[in-house]
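This is what each chain is made of:
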Number of protein chains: 4
Amino acid sequence: MATQAEASAGAPLAARFEAVRALSLAIAAPLSDADATIQPMPDASPAKWHLAHTTWFFETFVLRDHVPGYELFAERWAFLFNSYYEAEGERHARPRRGMLSRPSLDEVKAYRAAVDKALLAAVPDLPLHVLDLVELGLNHEQQHQELMLMDMLATFAANPLLPATWKSPPRQPTPLPGAVNWIPGKTDVHGIGHDGRGFAFDCEGPRHEVLLRPHALAERLVANGEWIEFIGDGGYTRADLWLSDAWAWVRENGVEAPLYWMRDEEGWQRFGLDGVTPVSLAEPVCHISYYEADAFARWAGARLPTEAEWEVAAASVDPCGGNQLDSAGAVRPIGGDSLFGDVWQWTMSAYLPHPGFRAAEGAVGEYNGKFMSGQMVLKGASCATPRGHSRASYRNFFYPHQRWMFSGLRLAKDL
Amino acid sequence: MATQAEASAGAPLAARFEAVRALSLAIAAPLSDADATIQPMPDASPAKWHLAHTTWFFETFVLRDHVPGYELFAERWAFLFNSYYEAEGERHARPRRGMLSRPSLDEVKAYRAAVDKALLAAVPDLPLHVLDLVELGLNHEQQHQELMLMDMLATFAANPLLPATWKSPPRQPTPLPGAVNWIPGKTDVHGIGHDGRGFAFDCEGPRHEVLLRPHALAERLVANGEWIEFIGDGGYTRADLWLSDAWAWVRENGVEAPLYWMRDEEGWQRFGLDGVTPVSLAEPVCHISYYEADAFARWAGARLPTEAEWEVAAASVDPCGGNQLDSAGAVRPIGGDSLFGDVWQWTMSAYLPHPGFRAAEGAVGEYNGKFMSGQMVLKGASCATPRGHSRASYRNFFYPHQRWMFSGLRLAKDL
Amino acid sequence: MATQAEASAGAPLAARFEAVRALSLAIAAPLSDADATIQPMPDASPAKWHLAHTTWFFETFVLRDHVPGYELFAERWAFLFNSYYEAEGERHARPRRGMLSRPSLDEVKAYRAAVDKALLAAVPDLPLHVLDLVELGLNHEQQHQELMLMDMLATFAANPLLPATWKSPPRQPTPLPGAVNWIPGKTDVHGIGHDGRGFAFDCEGPRHEVLLRPHALAERLVANGEWIEFIGDGGYTRADLWLSDAWAWVRENGVEAPLYWMRDEEGWQRFGLDGVTPVSLAEPVCHISYYEADAFARWAGARLPTEAEWEVAAASVDPCGGNQLDSAGAVRPIGGDSLFGDVWQWTMSAYLPHPGFRAAEGAVGEYNGKFMSGQMVLKGASCATPRGHSRASYRNFFYPHQRWMFSGLRLAKDL
Amino acid sequence: MATQAEASAGAPLAARFEAVRALSLAIAAPLSDADATIQPMPDASPAKWHLAHTTWFFETFVLRDHVPGYELFAERWAFLFNSYYEAEGERHARPRRGMLSRPSLDEVKAYRAAVDKALLAAVPDLPLHVLDLVELGLNHEQQHQELMLMDMLATFAANPLLPATWKSPPRQPTPLPGAVNWIPGKTDVHGIGHDGRGFAFDCEGPRHEVLLRPHALAERLVANGEWIEFIGDGGYTRADLWLSDAWAWVRENGVEAPLYWMRDEEGWQRFGLDGVTPVSLAEPVCHISYYEADAFARWAGARLPTEAEWEVAAASVDPCGGNQLDSAGAVRPIGGDSLFGDVWQWTMSAYLPHPGFRAAEGAVGEYNGKFMSGQMVLKGASCATPRGHSRASYRNFFYPHQRWMFSGLRLAKDL
């Protein structure tokens, strides 16, 4: 049976629009107005803000710019819900997004409904290049669906009561997986980057050739049980395992385990959208920074894959496979066979432009290009990525110290 | 007709308990769960937190300690709602009070109802020294009523939409008041400090003698119109008018007017609980720091009163007079004849122990004494002070840079 | 035999000028150009800067303003060596004073010599009110002599090699002093503040009456041995002993002993201008903050004196007595009978204007008045205070957390 | 005529050792003890520290580890002069290197002399793998020679007197160069990285193949005159030209020109080791960050070269050509034909390991590998690079916001 996302991928745009917009509301459904308003750190945004910002995107770049006679739902909200588009003017400071108790969650839902109605009414008459903006808006909203799940987790983790967002059925304990199988990768010259067929973000292209050296990728992700061995072997206390910036980060922040892990008398616990549960040895490790991934790989005598190695390996893999997001709920890594799903995988490649990349003109051109500094590429998809959203050429990116996303690692080695 | 506060002052404890507790809820009534949850700055607390903390105070120091068999409403909330009592153990960090979307506002109201019910049932059997704790709790809650109004204003001021909490009827513009009348003060030796009759906070005593020199106090508070003259005369740009710490504060923070003032093409506007309205020339200036009060006084060729000068002058004045808080609403200074009301008045006296002061034993002893460092005394009462709460010996105190409270000034001079 | 300072106090101004100027050079004599250039923290200034700034004071307020035809030694140095006089224009930022490797120490000494020569030549013709500025300059320089000793100590303490500035003969260990004798103080109305006879800083006046309650002062200063008992009794770990601001300071800075104390296997050591030596039990404790003094007094069941109590007691004491600075060398508290000397004594009085105080007009009026915010008064004199500089009405002042000066405490109690 | 560096490159190790060590002293010769002691910012180190640290390197890794019976010059100096080698134990904090007025500059020179003598005596008996450490030490010292020049400039720039280190003969004004000539680069597969013949730093290898796309490099560096056009065209005020991190950096730091540029009534001036002189239009722009280089390239409709493009182009170029450091003096970009010299050239490549890179074991293995995070590669050499030190495979690296080094740019474009 096809999942919701698979079904909708080939569906008419209007139906897909409705499905994507509905999923955002379903994710936010367990939240009170207060839950959806507060901001636990500058990197994270309130759920209400995500719901409004994704709506502002459609309202601004489709309705305002291309639907004659459209009147803004609320003149001053553009100031509140523009994220970072300099070309769209001044905006509310990112670290102060948690100050917006007004408009209320219900008002934001009314905003969504009004924009949805206007957009669905307009779709039949929109020219093709504007339908492309709708498509962009849908993919943009899917990104914010994952961000919303990340930020909800960060929000509840900031509350000493550690409330669960969704109840989960208890899981059977699974044994620590056996030794890693190494899958040799392709060598010589191959193409990577998006070829322009179907939707992709600007930063995924142009398609270009890369040269691969003999190497192998681990058949599976690094598991929690292995991470506990790393900790037990002094992983967080040995300077020689860490990059210089990484070691400074470990010491300044007192890092000694993945984010959301806590040790009590019964061992390691972790907090997730389903509350506090014991760390399961077999599950892929999650919520780790690039710094930690790099140190673990060094400890394990291996390295991280390059973006190109990963992408060439993924070229023949169904990007809709694995543990990805089909519906709202307490997402969590499980571990499986697919290259996609469970956790985003840190690569050793910096997020820099593909050869020949040029940002588009205008506000939409700010989409990805201007973040090409200081960040590293992650590939694949996570349990919080809407199924159908990712693909082999997809380039996720974060700063090396960040770890509130669903991030893990797959080892690689030279042959 | 007696106001609510005047009426309740002489009423039986149970009736006063119900009246005070009801006023807190009335103040919070216009707030959504989200409004009551967010925290605009570390100095301010969410309204929900105030509602819960004042309840925790009664639950802990009365019910838990003195009512056999009482069971805590929620075991882990003590961690959340203890403010600063070291003797009561670890507590949630003050700058993170805005992270508590759970418990919800409704749950906190249920907490209030449960504690109120248990306390009212217990009152008839409580010994006198425990009834003193109830009395302390009521005065404590009145302080938080004023804090709640201050913090609500700070919260909405952090929202670019600048929402009004209560609608107010429009006011008639009033002319700038005429020149100040100077009222000579008493000289020689007089007693100040609380004499132990009726309730007072620990820091108000012991009563002791002070020596007064020839001086006079202004008959009225400094008005907005005078403050605009100060601004027009370069008040915020002349280093010679400011204390050294004050000048550094002005420059680092770009201060150029009282808090919540904004200049637009029509002149000075100010934001209050009734939204944005023009600055009224006749109204007492409000939301100024000690640094600003001191600079203004220097500019005016005068000085601030000492605590003793003010308190001796107030000894024969009814502390329930003037513009104080009778019921929930958009409080705002008006200007009047009383020494009390409208705005708290900065003095030039540091908040230090009265001679012979000793803090009480135990957690309650942390009430006031430990803050006797780095703060200045304010006297009187403001439009946000529950009528009946203040008195001549009352010692309000803030750091010299703070100004989110309803603070203003009355000039003094040597004779 | 009269000490240098005593002798010079009554000497003609020119002779006193030469003596004071010579002492500054003697204090700086052990310093290399590099020693005299670096700045260990924003509060402290390089020795070279002190030598130049005190010279700038004479050059600016005497020679430039009152000696026709005088040409500045170096036009641009005023920018470097103005400390905080806003009326004298922009100046080099205080935390960057350690960046001035040029001018060199030798050039600064040449500056001193040139200004000294010009000033001595001018003195015979200066009118009385300008001679008052010379007198002010001398007292100003004496203050900087003590600051120079404090800052030199802070400078060498920042060097892991902990170099000694001067060699000291070894001291005989002295036993812990016995129990404190309490000396009852005067009561009722007394005058304090400077009466205008002889030199005093502006902030010491006007003279005015104060009311004293029954009290007693300890006959001696608190000793190191007592401080070690305080530490042993958990003094730095018990929140109930500390003011709220103080406790936050202890925790943020990991404070657990006086400044410059270190514990090794042989017990407590302290670093001074004579290098590292064991803490001597009988010597007065030194390098403590107001926060620590206040906590110790609370632990000891006593309190700090008020400024008025101390000053009335000192009225009949020779201010030139005790362990004060007679010549350059490794100053160090000893412990003795005088109210003056060894260490400045924290009082519980805020540094606020005496009744009737008005700052003088012009740049010199910035001398003391603008610092009357947030600081506490210390009385007496220290082993680093030039003998003859202090008096009963002298008001030293520091922020409650500062402790790089030679500060200690004398207990007081109510009777 | 062969330069000093060219001559010494083929010279016996002992002679080269003496030449390199002598150049360090020559660079520091104009400095007083104080000049050599202060530290203008955490990124920069005092000249004295450079002189001592390079000596510590030889003393530790050669004499201590490989010369039996060698006794350390001063036991405790290792703590002071270890830079970042975790394996060598705790060390003085980097931002506090400016606190070391002791040891003096003369003592550090004596340390150099003693270590030089011991090392030269030992060289004849050292095994080959230890001679490799001497070679490493020499290249290490050459790096510090350039750092010393950078840090001296930063040090004097922090002094409002802006002293010149060396006098320079006045230069003839040169006209703005004409339009750029574009030199097409090689395409297809080429080798880069060091091949192991002769000295190279660990991070330069292994040699490996890269794939080049059609592109061209500008024949010359970007000149100051072009940068002034960029400024005049609003370069520093247009968000669309900047990466997101870059724009935040521009705004937070108020950046509006290259480092050390100042505008006065006569136009742009720049501060260098020869003091303040007018910006020369024809000279290569210097002291710019990656953020600025990237923004300029975008403004110019071009891009930065990749490391591989640059290195392949440089394979056939003499790395000892161009304006590089031959002797101590006021180094300054001139502009010329060579790919090497004048300024280091920012590339668009992140500083990440070459394929197959593995750090060496032990402390020396910390040399380069642990910095492979967050930095960008610069290629070539600057006017402050000792001639003979750099080569095509050389990888210099800095954080994208840094600009106190001699950094500029050469444009590239796709064909």
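Residues numbered from 1 in each chain as written. Chains lettered and ligands numbered in written order. Predicted model: local features only at pLDDT ≥ 70, side-chain atom pairs only at ≥ 80, totals over all residues. Heavy atoms only, no water.

**Quick notes on the overall build of chain A**
Helix and strand content of chain A: 10 helices and 12 strands. Rg of the C-alpha trace for chain A: 21 Å, near the compact-globule value of 22 Å for 415 residues, within the 12% margin. Counting only C-alpha atoms, chain A reaches 65 × 55 × 45 Å along its principal axes. In chain A, once contacts between residues fewer than 6 apart in sequence are set aside, the share between residues at least 24 apart is 79%. Of the roughly 15,900 Å² of accessible surface on chain A, a fraction of 54% belongs to carbon and sulfur atoms. A gap of 1 Å separates the mean positions of the 36 positive and 51 negative side-chain charges of chain A. (Helix = DSSP H or I, 4+ residues; strand = E, 2+ residues; numbered from the N terminus. Rg over C-alpha atoms; globule rule 2.2 N^0.38 Å. Contact = heavy atoms within 4.5 Å. Areas by Shrake-Rupley, 256 points an atom, 1.4 Å probe, with all protein chains shown as cover. Lys, Arg positive; Asp, Glu negative; His and termini not counted. Charge placed at Lys NZ, Arg CZ, Asp CG, Glu CD.)

**As for the relation of the copies chain B and chain A**
In summary, the two copies of the chain are related to each other by a rotation about an axis coupled with a shift along it. Once chain B has been moved 0.0 Å along the axis and rotated by 180°, it coincides with chain A to within an RMSD of 0.0 Å. Those values place the two copies in the arrangement expected of a two-fold rotation axis. Rotation axis and chain B: the residue whose C-alpha lies nearest the axis is Ala34 of chain B, separated from it by 1.9 Å. Most of the interface of chain B is mirrored in chain A: 100% of its interface residues are interface residues there too. (Least-squares fit on C-alpha atoms with pLDDT ≥ 70 in both.)

**Some details on the interface of chain C and chain B**
Facing 33 residues of chain C, the contacting portion of chain B comprises 33 residues. Here chain C packs against chain B, burying approximately 2,400 Å² in sum over the two surfaces, 56% of which is carbon and sulfur. The three residues of chain C that bury the most area against chain B are Leu211, Arg213 and Ser373 of chain C, which together make up 19% of that side's buried surface. Where chain C meets chain B, there are zero salt bridges. (Buried area = accessible area lost by both parts, 1.4 Å probe. Salt bridge = Lys/Arg side-chain N within 4 Å of Asp/Glu carboxyl O.)

**With respect to the pattern of salt bridges**
A complete count under the given rule lists 100 salt bridges over all chains for this structure. For Glu204 of chain A, the salt bridge is made with Arg391 of chain A, and the minimal N-O distance between the two is 2.8 Å. Highlighted residues: Glu204 of chain A in the loop between β2 (188-192) and β3 (208-212) and Arg391 of chain A in the loop between β9 (376-379) and β10 (396-398), separated in sequence by 187 residues. The pair Glu204 of chain A / Arg391 of chain A is uniform in exposure class, with both members buried. For Glu307 of chain B, the salt bridge is made with Lys379 of chain B, and the minimal N-O distance between the two is 3.2 Å. In this pair, Glu307 of chain B is assigned in helix α10 (residues 307-314) and Lys379 of chain B in strand β9 (residues 376-379), connecting sequence segments 72 residues apart. An identical accessibility class is assigned to Glu307 of chain B and Lys379 of chain B; each is buried. (Buried < 20%, exposed > 50% of the residue type's maximum accessible area, 1.4 Å probe, protein only.)

**A short note on the domain arrangement of chain A**
A common way to report how large an interface is uses the accessible area buried once the components associate. All names here are of chain A. In terms of domain boundaries, chain A breaks down into domain 1 (4-157) and domain 2 (182-414). For domain 1 and domain 2, the distance between their C-alpha centres works out to 26 Å. Taking both sides of the interface into account, the surface hidden between domain 1 and domain 2 amounts to around 2,900 Å²; carbon and sulfur atoms contribute 69%. Three residues stand out in domain 1 for area buried against domain 2, namely Glu146, Met150 and Leu153, and they jointly supply 23% of the buried area on that side. Scanning the region where domain 1 abuts domain 2 turns up zero salt bridges. Contributions of two or more residues to the side of domain 1 that touches domain 2 are made by α1 (4-9), α2 (13-28), α3 (47-66) and α6 (128-157). (Domains from an automatic or database assignment.)

**Points about the interface of chain B and chain A**
Residue-level contacts link 27 residues of chain B with 27 residues of chain A. Summing the contributions of chain B and of chain A, the shared interface buries around 2,300 Å²; its carbon and sulfur component is 57%. Considering only the side of chain B, the residues that lose the most area to chain A are Met99, Arg102 and Leu161 of chain B, jointly responsible for 28% of the buried surface there. The tally of links from chain B across to chain A stands at two salt bridges. Put simply, Asp35 of chain A and Arg102 of chain B hold a salt bridge, and the shortest N to O gap is 2.7 Å. On the surface where chain B and chain A come into contact, there are 10 residue pairs in polar contact (both at pLDDT 80 or more). (Polar contact = N/O pair within 3.5 Å; in protein donor to acceptor, adjacent residues only side chain to side chain.)

**Some points on the arrangement of the chains**
In this view chain A stays clear of chain C, with the nearest C-alpha atoms of the two still 14 Å from each other. For the non-touching pair chain B and chain D, the nearest C-alpha separation works out to 14 Å.

**Focus: helix α5 (residues 105-122) of chain A**
Residues and elements named next belong to chain A. For α5, with 18 residues, the first-to-last C-alpha span of 26 Å sits near the 26 Å given by 1.5 Å per residue. Leu105, Val108, Tyr111, Arg112, Val115, Asp116, Leu119 and Ala122 are the residues of α5 that are buried. One side of α5 holds all its buried residues, which, seen down the axis, span an arc of 130°. α5 presents Asp106, Lys117 and Ala121 as exposed residues on the side facing more than 90 degrees away from its buried surface. (Expected span 1.5 Å × (residues − 1). Arc of directions from axis to C-beta.)

**Description of the sheet that holds strand β4 (residues 215-218) of chain D**
All names here are of chain D. The sheet built from three strands is open, its strands ordered β1-β4-β12 with antiparallel pairing. Each having just a single partner strand, β1 (182-184) and β12 (412-414) make up the two edges of the open sheet. Adjacent strand axes in the sheet meet at a mean angle of 30°, parallel and antiparallel pairs treated alike. Of the pairings in the sheet, the one linking β4 to β12 comprises three bridges and is antiparallel in character. Paired with His215 across the bridge in β12 is Asp414. (Pairing = 2+ DSSP bridges. Axes fitted to C-alpha atoms, helices over the stretch in contact; angles between N-to-C directions.)

**Structural notes on the sheet that holds strand β12 (residues 412-414) of chain B**
Residue and element names in this part refer to chain B. An order of β1-β4-β12 is seen for the three strands of this open sheet, with the pairing classed as antiparallel. The sheet is open, and its two edges are formed by β1 (182-184) and β12, each paired on a single side. For this sheet, the mean inter-axis angle between neighbouring strands, taken without regard to orientation, is 30°.

**Focus: the state of the cysteines**
Residues and elements named next belong to chain A. Under the definition given, this model contains zero disulfides over all chains. Sulfur of Cys320: no disulfide; nearest cysteine sulfur belongs to Cys383 and is 16 Å away. Residue classification places Cys320 among the buried residues on the basis of a relative accessible area of 19%. (Disulfide = S-S within 2.5 Å.)

**Here we look at helix α6 (residues 128-157) of chain B**
With 30 residues, α6 of chain B extends 44 Å between its outermost C-alpha atoms, agreeing within 8% with the 44 Å of an ideal straight helix rising 1.5 Å per residue. Across the 30 residues that make up α6 of chain B, a large majority, 23, are buried.

**Considerations on the packing of helix α7 (residues 224-232) of chain B against helix α9 (residues 290-299) of chain B**
Each packed pair of helices is defined by two parameters, the angle between the axes and the distance between the axes. All names here are of chain B. The contact between α7 and α9 brings their axes to 11 Å, and the two run at 80°. Taken as axis vectors, α7 and α9 run roughly perpendicular relative to one another. On the side of α7, the interface is formed by Glu226, Trp227, Glu229 and Phe230, while α9 contributes Glu292, Ala293, Ala295, Phe296 and Trp299. For the contact of α7 with α9, a count of residues per class yields six nonpolar, no polar and three charged. (Parallel < 35°, antiparallel > 145°, perpendicular 65-115°, else oblique. Nonpolar A, V, L, I, M, F, W, Y, C, P; charged D, E, K, R; others polar.)

**A few points about the packing of aromatic side chains**
Within this structure, the stated rule accounts for 116 aromatic pairs over all chains. For the pair Phe61 of chain A and Tyr85 of chain A, a centre-to-centre distance of 5.7 Å together with 65° between the ring planes defines the contact as edge-to-face. With Phe61 of chain A in helix α3 and Tyr85 of chain A in the loop between α4 (77-81) and α5, the pair connects residues that are 24 residues apart, well separated along the chain. In this pair, the class of Phe61 of chain A matches that of Tyr85 of chain A, namely buried. Centroid distance Tyr84 of chain D to Tyr85 of chain D: 4.6 Å. Interplanar angle 20°. Geometry classified as stacked. Looking at Tyr84 of chain D, the relative accessible area reads 23%, which means it is partly exposed. One aromatic cluster is present, formed by Trp56, Phe57, Phe61, Tyr84, Tyr85, Tyr351, Phe371 and Phe397 of chain A through successive ring pairs. It is Arg97 of chain A that lies over the ring of Trp49 of chain A; its NZ or CZ is 3.6 Å from the centre. (Phe/Tyr/Trp six-rings, centres within 6.5 Å; stacked < 30°, edge-to-face > 60°. Lys NZ or Arg CZ within 6 Å of the ring centre and 35° of its normal.)

**Remarks on the side chain of Thr277 of chain A**
Residue and element names in this part refer to chain A. Tracing the sequence through the fold places Thr277 in strand β7 (residues 275-278). Here the side chain of Thr277 touches Arg332 through a polar contact of 3.4 Å, side chain to side chain. The residues contacting Thr277, other than those within four sequence positions of it, are Gln269, Arg270 and Arg332.

**Things to note about the pairing of strand β5 (residues 261-264) of chain A**
Residues and elements named next belong to chain A. Both β5 and strand β6 (residues 267-272) contribute to a ladder of four bridges, which runs antiparallel. Residue Asp264 lies in a different strand from β6, and its bridge partner there is Gly267. Linking β5 back to β6 in an antiparallel pair, the connection comprises two residues.

**A short note on the confidence of the model for chain A**
Residues and elements named next belong to chain A. On average, residues of chain A carry a pLDDT of 94, and 98% of them reach 70 or more. Note on residues 1-8: pLDDT under 50 across the span, and 12 contacts to partners over four residues away in sequence or across chains. Across the predicted assembly, pTM comes out at 0.95 and ipTM at 0.95. (pLDDT = per-residue confidence, 0-100.)

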